[in-house]
Amino acid sequence: MISPIQEYVEQLYSRYASVIEGQVADYIPELAKADPRHFGICIATRDGHVYEVGDTRQAFTIQSISKALTYGLALEDRGEEHVLSRIGVEPSGEAFNAISLKEGTGAPFNPMINAGAIATSGQILKKDGQSRIDRVVEYLSGFAGRPLPINHAIYQSESGTGHRNRAIGWLLRNFGIIDEDPDEILETYFQQCSVEVTCRDLALMGATLANQGVNPITKKRAIAADYVDNVLGVMATCGMYDWSGEWIYRVGLPAKSGVGGGILAVLPGQLGIGVFSPPLDSQGNSFRGIKVCMDLSRELALHMLNPTATPRSAVRLAYHGGEVVARRRLPPSTRELLRTHGSSIQVMELQGGLTFTTIEPVVRQATSLAAGSCKHIIFDLRSVVSANSVSFILLANLSTQLAEHGVQITFCQPGRMQATLRGIGIPAEQIFATLDAALEACEDSLLLEVSGISWRPSGALELKACSLFNRCPDDDLAFLAQELQHRHYSENETLITAGESADEMLVLLQGTVEVQILNEDKSHKRIDVLTAGMTVGEMAFLDGSPRSASVMAMEPVECVVIPKTWFDTLNERRPGLKITLLQEITREIATRLRQANLEISALQRS
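Residues numbered from 1 in each chain as written. Predicted model: local features only at pLDDT ≥ 70, side-chain atom pairs only at ≥ 80, totals over all residues. Heavy atoms only, no water.

Mind showing me how you'd approach the overall build of the protein here?
Each helix and strand counted, the protein has 21 helices and 20 strands in total. Its C-alpha radius of gyration of 35 Å places the protein more than 25% over the 25 Å reference for a compact globule of 606 residues. If you line up the protein on its principal axes, its C-alpha atoms span 115 × 45 × 40 Å. By the burial criterion, 55% of the 606 residues in the protein qualify as buried. In the protein, the proportion of contacts linking residues at least 24 apart, taken out of those at least 6 apart, comes to 73%. For the protein, the exposed area adds up to about 25,300 Å²; of that, 50% sits on carbon and sulfur atoms. One way to put it: in the protein the 54 positive side-chain charges average out to a point 2 Å from where the 70 negative ones average out. (Helix = DSSP H or I, 4+ residues; strand = E, 2+ residues; numbered from the N terminus. Rg over C-alpha atoms; globule rule 2.2 N^0.38 Å. Buried < 20%, exposed > 50% of the residue type's maximum accessible area, 1.4 Å probe, protein only. Contact = heavy atoms within 4.5 Å. Areas by Shrake-Rupley, 256 points an atom, 1.4 Å probe, with all protein chains shown as cover. Lys, Arg positive; Asp, Glu negative; His and termini not counted. Charge placed at Lys NZ, Arg CZ, Asp CG, Glu CD.)

This is the structure in structure tokens:
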């Protein structure tokens, strides 16, 4: 079963699959051999879930994307104060390969241009018998979550044609930005740019930065948490060459591009994006990569300055229909059927602000549930304070897709969002004012699916079919039929009034009643529903307390009446019958207590 998010990524890929504008980099001869048709898109969440389409496993060289990550290694090795004394963090406004240094100090403007990247390589230490490049490759591999190789053909091509970069290296040596002859440092730089990655690797590298430096797949730290913000900061201001200003305005994500055709972007705290397409625009950025990232940011509302962006989980609580049930009493056999199959109803209470990054795990979880035995998913929106259009569209698409696989999505307690739900195509019959009403509808549908027949009695029940009397022998049933009077109530007529004395107990033979309490605003709140075969008012009847709730007929009702005075005479007239009746009442109360314990346990999960 395909996720709506995966479907969106595939649609985005199709949108640009036939677009081959731009020019493959050719100033490094080996790069000119790249296939311009290669194209991949990948999104990795901070918990390691990956959405990908196209050539996401195609290897290419990381090129300038390595600059952002190795800057983190230099910070770890030398500390922020030392690195800032050698390399600035200001946008240069010039081409990435410009021979441009700050007047007076000779420091590069930032670590994202070639001069700054070569200076960064010079700040990386040789440690524990490892060369600079060994440490760089190991460091980059930590972000990807797998060993990364060097493409030696690309390296030799870069080294053999890197005359401009060699000139930059000697200028840096002249100004004391690097402390040794630049040849070995330059070779380190050429090799780090020649490390092979995939589009999927880039997304996971971004997810690692989004996850405060911990790779979401390996769970290993790739960069010290103290320096994640520094790396993201220079990516945001300088990562897209001399298009960085417009990038942050239009896309709003820290990012780094490379002339190999890759773009790595990060939504801090939430996800990483990798895009691969070799043809470049005039600024040296992937032409299709720019288009894809602009669409992702706009259509999924990913701009990091969007005030609704929040990494807080949208799922406040999750439980199933075997743990929490509608406020009504079902016949014992039906109740047992629901307990057995209740996990086919899943409830997710959502909270906070719904955006792409908060709703994505919800969509993923719902899709996973639907792939199992789940038949109904209820989204409770009571605690949702805001929701953008992206989240609603994803929920609507999820509803459509799961319906095709026999899974019904239901929404409850939408408040002011009801009109929006209807506007995106959610039918009225899938929206309920209360969780109780949603549970009841899903339970009825599930019970019908499982049993093939409605659990509701089609006519008046015999006494034997009522739970209070179903263990009575025939002679007691005959005695009860002769002794007990029948009573009828019309729809909306009150059977029991709160506060009155409990001098009788009723057993329903036909119809449905609602147990209500009075709210502070004088409105009535349903706390239980009872149907034919069930006993009404037994608690106060037994302990002699005043009625704690009112009971009203929801439809025409027929019942038998058990007066307390008559019940007391059974001590002498039919003590065995009274014991049987008390045992049945005790069993029913015990069953309800067990269900209450299940609900309390489910609702207290965090």
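For this particular structure, what's the right way to read the pattern of salt bridges?
Opposite charge on two side chains permits pairing when their charged atoms draw close. Scanning the entire structure with this criterion turns up 40 salt bridges. In this structure, Arg-37 and Asp-35 form a salt bridge, with 3.0 Å as the shortest nitrogen-oxygen distance. Judged by relative accessible area, which is 60%, Arg-37 ranks as exposed. Residue Asp-35 is classed as partly exposed on the basis of its relative accessible area, which comes to 22%. The shortest N-O distance in the salt bridge between Asp-179 and Arg-86 comes to 3.2 Å. (Salt bridge = Lys/Arg side-chain N within 4 Å of Asp/Glu carboxyl O.)

Even after reading the chapter, I still don't get the nonpolar core, so can you show me in this structure?
Generally speaking, nonpolar side chains in soluble globular proteins are found buried as a group. Core analysis: the largest hydrophobic core is formed by 63 residues, its most contacted members being Phe-143, Met-205, Leu-209, Ile-223 and Met-235. Sequence-distant contacts of Met-205, that is, excluding residues within four places in its chain, are made with Ile-62, Leu-69, Leu-140, Phe-143, Ala-144, Leu-148, Val-197 and Leu-264. Grouped together as the second largest cluster of nonpolar side chains are 60 residues, Trp-247, Ala-255, Cys-293 and Met-348 included. (Core = buried A, V, L, I, M, F, W, Y, C linked by side-chain atoms within 4.5 Å.)

Can you help me understand the side chain of Asn-165 in this one?
Within the secondary structure, Asn-165 sits in helix α7 (residues 163-174). When sequence neighbours within four positions are dropped, the list of residues in contact with Asn-165 reads Asn-114, Ile-118, Leu-186, Tyr-189 and Phe-190.

What is the right way to read α7 from this model?
Structurally, the α-helix is built with 3.6 residues per turn, so residues lying three or four positions apart point the same way. Along its twelve residues, α7 runs 17 Å from first to last C-alpha, staying within 8% of the 16 Å computed at 1.5 Å per residue. Asn-165, Ile-168, Gly-169 and Leu-172 are the residues of α7 that are buried. All buried residues of α7 lie within an arc of 105 degrees about the axis, which places them on one face of the element. In α7, the exposed residues that point more than 90 degrees away from the buried face are His-163 and Asn-174. (Expected span 1.5 Å × (residues − 1). Arc of directions from axis to C-beta.)

Even after reading the chapter, I still don't get the pairing of strand β17 (residues 524-531), so can you show me in this structure?
Looking along a regular strand, one sees side chains alternate from face to face of the sheet. Pairing of strand β16 (residues 512-518) with β17, which is carried by seven bridges, proceeds in the antiparallel orientation. When the sheet's bridge partners are listed, Gln-516 is paired in β17 with Arg-526. (Pairing = 2+ DSSP bridges.)

Where do I start with the packing of helix α5 (residues 132-144) against helix α9 (residues 199-210) in this structure?
A pair of packed helices is characterised by two quantities: the angle between their axes and the separation of those axes. At a minimum axis separation of 7 Å, α5 and α9 run at an interaxial angle of 85 degrees. When the axis of α5 is compared with that of α9, the two are roughly perpendicular. Together, Leu-140, Phe-143 and Ala-144 of α5 and Asp-201, Leu-204, Met-205, Thr-208 and Leu-209 of α9 make up the contact between the two elements. Taken together, the residues of the contact of α5 with α9 break down into six nonpolar, one polar and one charged. (Axes fitted to C-alpha atoms, helices over the stretch in contact; angles between N-to-C directions. Parallel < 35°, antiparallel > 145°, perpendicular 65-115°, else oblique. Nonpolar A, V, L, I, M, F, W, Y, C, P; charged D, E, K, R; others polar.)

What is the right way to look at unusual backbone geometry in this model?
In most cases, non-glycine residues show a negative phi, while peptide bonds are predominantly trans. With a phi angle near 50 degrees, Gln-63 is a residue other than glycine that sits in the positive phi range. Relative to the assigned elements, Gln-63 resides in the loop between β3 (60-61) and α2 (65-78).

Teacher, can you tell me more about the sheet that holds strand β7 (residues 271-276) here?
As summarised here, the arrangement of the five strands in space is β2-β1-β7-β6-β5, forming an open sheet in which the pairing is antiparallel. In this open sheet, the two strands that pair with only one neighbour each are β2 (50-54) and β5 (255-257). Each adjacent strand pair in this sheet contributes to an overall mean axis angle of 10 degrees, direction not counted. Bridge count for strand β1 (residues 40-45) against β7 is six bridges, and the pairing is antiparallel.

Honestly, the sheet that holds β16 in this entry has me stumped. Any pointers?
Note: strands within a sheet are paired through backbone hydrogen bonds, in either parallel or antiparallel orientation. Spatial ordering of the open sheet is given by β14-β19-β16-β17, a layout of four strands whose pairing is antiparallel. Edge strands, defined here as strands with exactly one partner in the open sheet, are β14 (494-496) and β17. The average angle at which neighbouring strand axes cross in this sheet is 35 degrees, direction not considered. Relative to strand β19 (residues 550-553), β16 runs antiparallel, the two being bridged by four bridges. Each residue of the ladder has a partner; that of Val-513, found in β19, is Ala-553.

It is not clear to me how the state of the cysteines should be interpreted in this structure. Could you clarify?
One way to say it: the disulfide is the covalent bond shared by the sulfur atoms of two cysteines. Per the counting criterion, the structure on display carries zero disulfides. For the unlinked cysteine Cys-193, the closest cysteine sulfur is that of Cys-238, found at 17 Å. Taking relative accessible area as the criterion, Cys-193 reaches 2% and is therefore assigned buried. (Disulfide = S-S within 2.5 Å.)

Is there a simple way to think about the packing of aromatic side chains in this case?
The description of two aromatic rings rests on the distance between their centres and on the angle between their planes. Taken as a whole and judged by the stated rule, the model has eight aromatic pairs. With 4.0 Å between their ring centres and 0 degrees between their planes, Phe-60 and Phe-276 make a pair best called stacked. Highlighted residues: Phe-60 in strand β3 and Phe-276 in strand β7, separated in sequence by 216 residues. By the burial criterion, Phe-60 is buried, and Phe-276 matches it. The ring of Phe-39 carries Arg-288 above its face, with NZ or CZ at 4.3 Å from the centroid. The ring of Phe-541 has Lys-564 lying over it, and the distance from NZ or CZ to the ring centre is 5.7 Å. (Phe/Tyr/Trp six-rings, centres within 6.5 Å; stacked < 30°, edge-to-face > 60°. Lys NZ or Arg CZ within 6 Å of the ring centre and 35° of its normal.)

How should I be thinking about helix α8 (residues 183-193) in this particular structure?
Taken across its eleven residues, α8 has nine buried, putting it largely inside the fold. For α8, every residue scored as buried is listed here: Ile-185, Leu-186, Glu-187, Thr-188, Tyr-189, Phe-190, Gln-191, Gln-192 and Cys-193. Where the residues of α8 are buried, they touch β3, α2, α4 (114-123), α5, α6 (152-161) and α7.

Can you walk me through a nonpolar patch on the surface in this structure?
Together, Ile-99, Leu-171 and Phe-175 make up an exposed nonpolar region whose accessible area comes to about 240 Å². By secondary structure assignment, the location of Leu-171 is in helix α7. (Patch = residues over 30% accessible without salt bridge, like charges linked within 9 Å, V, L, I, M, F, W, Y side chains within 5 Å.)

Please explain the side chain of Glu-187 as it appears in this structure.
Following the sequence through the fold, Glu-187 ends up in helix α8. Look past the residues within four positions of Glu-187 in its chain and what remains in contact with it is Tyr-155, Ser-159 and Arg-166.

For this particular structure, what's the right way to read the environment of Arg-592?
The topology assignment puts Arg-592 in helix α21 (residues 575-603). Residues Arg-592 and Gln-192, spaced 400 residues apart in sequence, show a C-alpha to C-alpha distance of 67 Å. When residues no more than four places from it in sequence are discounted, the contact partners of Arg-592 are Arg-329, Glu-538 and Met-539. Engagement of the side chain of Arg-592 in a polar contact is seen with the side chain of Glu-538, the distance being 2.7 Å. (Polar contact = N/O pair within 3.5 Å; in protein donor to acceptor, adjacent residues only side chain to side chain.)

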